[in-house]
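# Topology and contacts: notes
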Amino acid sequence: MLKKKKIRSTQYYRMHSAPAKALDNFNKKTKNHIFKKIINKLQFGLLPTVFPFFRIHVIQCGNILSKNKTPVLLGIVAVRAVISIPGTVTNANIRRKDSGEIIGRSVPKCIGSENGINIWSANIWIDSGIIEKKEGIKLALEFRHHEKLVSEKELTVDVIRESDLPAYFIEDFKRSDSYTPSNDNPSENPVATVSSRPAMIRQPGTSIFSTPIKSIIILRIDQLGDVMTSLPSVLYIKRMFPDAHITTLTQSNVIPIIEASRIADETLSINLNFHPESEGRFVTNDEKEKIKKIFSDRHYDLAIDLSPVDDSRPLLQLFSAHYRVGFKPEKFHFLDFGITVDSHDKLNSLSIISHASHIAMLVNALAQAINPKQEIVPRLPVRDHGENSIFEKYGITRNKYMVIHTGARHAMNKWKTENFINLAKKIHSNIGIRIVIFFDNESEIKKLGSVNHLPFVMLSNLTIEQFDTIVSNSLLMISNDTGPKHLAAVRGIETISIHLARLNWQEWGQNQRGVIVTKPVPCAGCIINNDLDACDADTICIKSITVDDVYRAFLQCFERVSVCLSGSVGN
């Protein structure tokens, strides 16, 4: 049985980053780059290289790693892999090595070919609820041509349940589109299970923290001057979290100053050794063991290292902490949040930002991440623009209509046009509000056939000024995850965004009013970019969002703005 303490936040990271490093190694071993263009089409974040024939390369195996770097399966998970062969594969399976039982299967998709060599991609979903909770389970990932085995790769996985994890991790998972809980009947088809679930309605501008911060440990283990330049930032942290219990970890000689400042509820010390040649300070193994013992029965909601230098950052892993914050997150991947700051003198290239400001930037950035909503920038009347003529031309009145935008720059971001039309019909039938529908171009409207009977204003090919005018004076907007939804949001319009799970909704959802409609899928975060052929799940993350899902989101937003209609619905 897995111990709860073994599953810590430092073991959680996106598996998609792993193949890039592995493929870099392959790139160093081979001079054959005939697949460069094809691999670029994969859009999995892989480096351009050649896949050795018949060898399976795993892109993803769930989303969690255990302490010993073993994939951990929880809920419904995706196993994504590619193989290059001079032929065809017809099916990809995951089976148990002990019993031979197939527990997941999919039909591979050919995503490119060159000189007779084909690259096949498979996205296999497994409901881990059908596997007993256990460590070290052996699975086989296999590609077949009908009944003939083409290639096989052994996978070793651990299987856990929600009850094995701290409650705060589950709160994190619920906010992620990558987490899909098991079915009550895990033997059901996982694709059908995920497709049939209602979409999630997310609130924009949410904090990066999913649970309240009640306990904080702050590290600054350098010398007196370093710690003193950090005190203003410690004070700011105290004001940011007035109800949190704050512990500081410093060298013992500065503790009296911290205590006299009354900015911490508890002060703990750490002893550092000095290396005279490098003038660096380091923690001995004995001191690390002492620290581990002191903190063995403690847990913090937030651990922050205020030092910009690298030496102390690994110490954050000695604590049990829900969130870890510090400098250089691109180097220290266990950090949940951080920034990198750099500045240069024009002549000597040394830093010109004060050390105290350097520290404050991290804390200020954290404050922004906790409360990320941005200012609304309204559209102001433009002289001689003729805005009134635009409303007269299309028979609409300011703040008495809503907008639907059906287009997107990336084809895979598009919810089906017929879905938008059916949604508009449902809204008009039940609410009666005037609806303006934008299309990317005139041909999109022609594809609908006869539209004269539809009670909508259907537009395309407007100037950016005309488009901004109509959007900025609307009551509400429904859109794909694309530029116009960000325009509506920054103008302060109640915005409903239909979001593809290739990127996180927290990153690209609008900052202000409205909601974001998403569909959690186990392969969320694939980062496939504008290449429908590269998606081996048929963009299920947006295609399975239904008209009823978006209508639920509309009702939630419409309730907030309907007072503006003041009895004028339909005008």
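An account of the accompanying structure is given in this report.

Criteria and thresholds
- Residues numbered from 1 in each chain as written.
- Predicted model: local features only at pLDDT ≥ 70, side-chain atom pairs only at ≥ 80, totals over all residues.
- Heavy atoms only, no water.
- Axes fitted to C-alpha atoms, helices over the stretch in contact; angles between N-to-C directions.
- Helix = DSSP H or I, 4+ residues; strand = E, 2+ residues; numbered from the N terminus.
- Parallel < 35°, antiparallel > 145°, perpendicular 65-115°, else oblique.
- Left-handed = near helix turned anticlockwise from the far one by under 90°.
- Contact = heavy atoms within 4.5 Å.
- Nonpolar A, V, L, I, M, F, W, Y, C, P; charged D, E, K, R; others polar.
- Phe/Tyr/Trp six-rings, centres within 6.5 Å; stacked < 30°, edge-to-face > 60°.
- Buried < 20%, exposed > 50% of the residue type's maximum accessible area, 1.4 Å probe, protein only.
- Lys NZ or Arg CZ within 6 Å of the ring centre and 35° of its normal.
- Polar contact = N/O pair within 3.5 Å; in protein donor to acceptor, adjacent residues only side chain to side chain.
- Pairing = 2+ DSSP bridges.
- Salt bridge = Lys/Arg side-chain N within 4 Å of Asp/Glu carboxyl O.
- 1 Å grid on protein atoms, 1.4 Å probe; cavity = no way out; pocket = protein on both sides within 12 Å on 5 of 7 lines; lining within 4 Å.
- Points joined across faces, edges and corners; volume = space filled by probe spheres on them.

### Quick word on the packing of helix α5 (residues 224-240) against helix α8 (residues 355-370)
Each pair of packed helices can be described by the angle between their axes along with the distance between the axes. Here α5 crosses α8 at 20 degrees, and the two axes come no closer than 8 Å. On the basis of their axis angle, the class for α5 and α8 is roughly parallel. By crossing handedness, the relation of α5 to α8 is classed as right-handed. The residues of α8 that touch α5, namely those facing Asp226, Thr229, Ser230, Ser233, Tyr236, Ile237 and Met240, are His355, Ala356, Ile359, Ala360, Val363, Asn364, Leu366, Ala367 and Ile370. Classifying every residue of the contact of α5 with α8 gives ten nonpolar, five polar and one charged.

### Digging into the packing of aromatic side chains
Within the structure shown, the criterion is met by eleven aromatic pairs. When the ring of phenylalanine 209 is compared with that of phenylalanine 241, the centres are 6.5 Å apart and the planes differ by 45 degrees; the resulting orientation is tilted. With a gap of 32 residues between them, phenylalanine 209 in the loop between β11 (200-202) and β12 (215-219) and phenylalanine 241 in the loop between α5 and β13 (245-250) connect regions that are remote in the sequence. Residue phenylalanine 209 is classed as buried on the basis of its relative accessible area of 9%. Residue phenylalanine 241 is classed as buried on the basis of its relative accessible area of 9%. Put simply, the rings of Phe209, Phe241 and Tyr323 pair up and form one aromatic cluster. The ring of tyrosine 551 carries lysine 426 above its face, with NZ or CZ at 4.8 Å from the centroid.

### Points about the side chain of asparagine 413
Here asparagine 413 lies in the loop between β20 (401-405) and α10 (417-430). Within the local environment of asparagine 413, its side chain forms a polar contact with the backbone oxygen of aspartate 481, the two atoms lying 3.1 Å apart. Residues within four places of asparagine 413 in sequence aside, it is in contact with Ala408, Asn480, Asp481, Leu500, Arg502 and Ile542.

### With respect to the sheet that holds strand β8 (residues 117-127)
Ordered by their spatial adjacency, four strands build an open sheet running β1-β4-β8-β7, and the pairing between neighbours is antiparallel. Looking along the sheet, the strands with just one partner apiece sit at the ends: β1 (56-61) and β7 (109-114). The sheet shows a mean angle of 20 degrees between the axes of neighbouring strands, direction not considered. Summarising the sheet, β1 and strand β4 (residues 76-85) pair through five bridges and their orientation is antiparallel. Directly across from histidine 57, in β4, lies its bridge partner valine 82.

### Things to note about the sheet that holds strand β3 (residues 71-73)
In space, the six strands of this open sheet follow the order β2-β3-β10-β9-β5-β6, with mixed pairing throughout. Pairing within the sheet leaves two strands with one partner each, and these edge strands are β2 (64-65) and β6 (102-106). Bridge count between β2 and β3: two bridges; the pairing is antiparallel. In the sheet register, leucine 65 faces β3, and the bridge partner there is proline 71.

### Comments concerning the pattern of salt bridges
Tallying each qualifying case throughout the model produces 28 salt bridges. Residue arginine 144 is joined to glutamate 142 by a salt bridge in which the shortest nitrogen-to-oxygen separation is 2.9 Å. Each member of the pair, arginine 144 as well as glutamate 142, carries the same accessibility label: buried. Close ionic contact of aspartate 468 with arginine 379 constitutes a salt bridge, the shortest N to O distance being 2.6 Å.

### Regarding the side chain of threonine 211
With respect to the secondary-structure elements, threonine 211 resides in the loop between β11 and β12. Reaching out from threonine 211, the side chain makes a polar contact with the side chain of histidine 322 at a distance of 3.3 Å. Excluding its chain neighbours within four sequence positions, the residues that come into contact with threonine 211 are Tyr168, Glu171, His322 and Tyr323.

### Re the packing of α10 against helix α16 (residues 547-561)
In contact at an axis separation of 10 Å, α10 and α16 are set at 45 degrees when each is read in the N-to-C sense. The angle between α10 and α16 falls in the class oblique. Considering how the two elements wind past one another, α10 and α16 form a crossing that is right-handed. Here α10 contributes Asn419, Asn422, Leu423, Lys426, Ile427 and Asn430 to the contact with α16, which in turn contributes Val547, Asp548, Val550, Tyr551 and Phe554. Of the residues contributing to the contact of α10 with α16, the split by class is six nonpolar, three polar and two charged.

### Quick word on empty space enclosed by the protein
In this structure the tally under the stated criterion is three cavities of 30 Å³ or more. Considered as a void within the structure, the largest cavity measures approximately 100 Å³ in volume. If you trace the largest cavity, you find 17 residues lining it, with Cys523, Cys526, Ile528, Cys535 and Cys541 closest to the centre. Along the lines of polarity and charge, the residues of the lining of the largest cavity split into eleven nonpolar, three polar and three charged. The calculated volume of the second largest cavity comes to roughly 70 Å³. What lines the second largest cavity is simply Ile218, Leu219, Arg220, Val227, Ser230, Leu231, Val234, Thr248, Leu249, Thr250, Ile258 and Leu306. Secondary-structure elements contributing two or more residues to the lining of the second largest cavity are β12, α5 and β13. The element that contributes the greatest number of residues to the lining of the second largest cavity is α5, accounting for four residues. Of the residues contributing to the lining of the second largest cavity, the split by class is eight nonpolar, three polar and one charged.

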